[in-house]
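# Summary of structural features
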Amino acid sequence: RSRRGGTGRDRGDTGSAMDAPSAAGLGGADPQLQRFIEVETQKQRFQQLVHQMTELCWEKCMDKPGPKLDSRAETCFVNCVERFIDTSQFILNRLEQTQKSKSAFSESLSD
């Protein structure tokens, strides 16, 4: 079904959000600059999520592009986006819980 080859990196992806400079790594830099970098990093992460979601749902739902979106494809896109958001939220919540558990565990070890 794919109309293009490659892994998705051939469309100018800038790499992972981890490649972006960390505001914490700037040391005593200007707080406004640190905030700007944090905001830009968040924007980059959001754009990467949208790109992943678009690519995934397009590959899954678009059998044959045409002048009009049929109801099956439209329903598929809606469900795909909703599941992508649900999954992303679940993963974030799980990572947050894991992080809290680790910090609680390390605090109990230091007591």
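Structure: see above.
Residues numbered from 1 in each chain as written. Predicted model: local features only at pLDDT ≥ 70, side-chain atom pairs only at ≥ 80, totals over all residues. Heavy atoms only, no water.

### Some thoughts on the pattern of salt bridges
Scanning all chains against the criterion turns up 6 salt bridges. Arginine 35 is the partner of glutamate 38 in a salt bridge, and the nearest nitrogen-oxygen pair spans 3.4 Å. Here the residue glutamate 38 and the residue arginine 35 both occupy positions in helix α1 (residues 31-61), the gap between them amounting to 3 residues, near one helical turn. The class for glutamate 38 is partly exposed, based on a relative accessible area of 36%. Put simply, arginine 83 and aspartate 86 hold a salt bridge, and the shortest N to O gap is 2.7 Å. With a gap of 3 residues between them, arginine 83 and aspartate 86 both fall in helix α2 (residues 71-110), about one helical turn apart. You can call aspartate 86 partly exposed: its relative accessible area is 42%. Overlapping salt bridges bring together Glu82, Arg83 and Asp86 as one network. (Salt bridge = Lys/Arg side-chain N within 4 Å of Asp/Glu carboxyl O. Helix = DSSP H or I, 4+ residues; strand = E, 2+ residues; numbered from the N terminus. Buried < 20%, exposed > 50% of the residue type's maximum accessible area, 1.4 Å probe, protein only.)

### Points about the state of the cysteines
Taken as a whole, this structure holds 2 disulfides when the rule is applied. The disulfide partner of cysteine 57 is cysteine 80, and the S-S distance across this bridge is 2.0 Å. Here cysteine 57 and cysteine 80 share a disulfide; its torsion about the S-S bond, -90 degrees, makes the bridge left-handed. Taken as a pair, cysteine 57 in helix α1 and cysteine 80 in helix α2 lie far apart in primary sequence, 23 residues in all. Assessed through its relative accessible area of 2%, cysteine 57 is described here as buried. With a relative accessible area of 8%, cysteine 80 lands in the buried category. Residue cysteine 61 pairs covalently with cysteine 76 via a disulfide, S to S 2.0 Å. With the S-S dihedral at roughly -70 degrees, the linkage between cysteine 61 and cysteine 76 falls on the left-handed side. With cysteine 61 in helix α1 and cysteine 76 in helix α2, the pair connects residues that are 15 residues apart, well separated along the chain. Grouping residues by exposure puts cysteine 61 and cysteine 76 together as buried. Look at the protein chain and number its bonded cysteines as they come in the sequence; the links are 1-4, 2-3. (Disulfide = S-S within 2.5 Å.)

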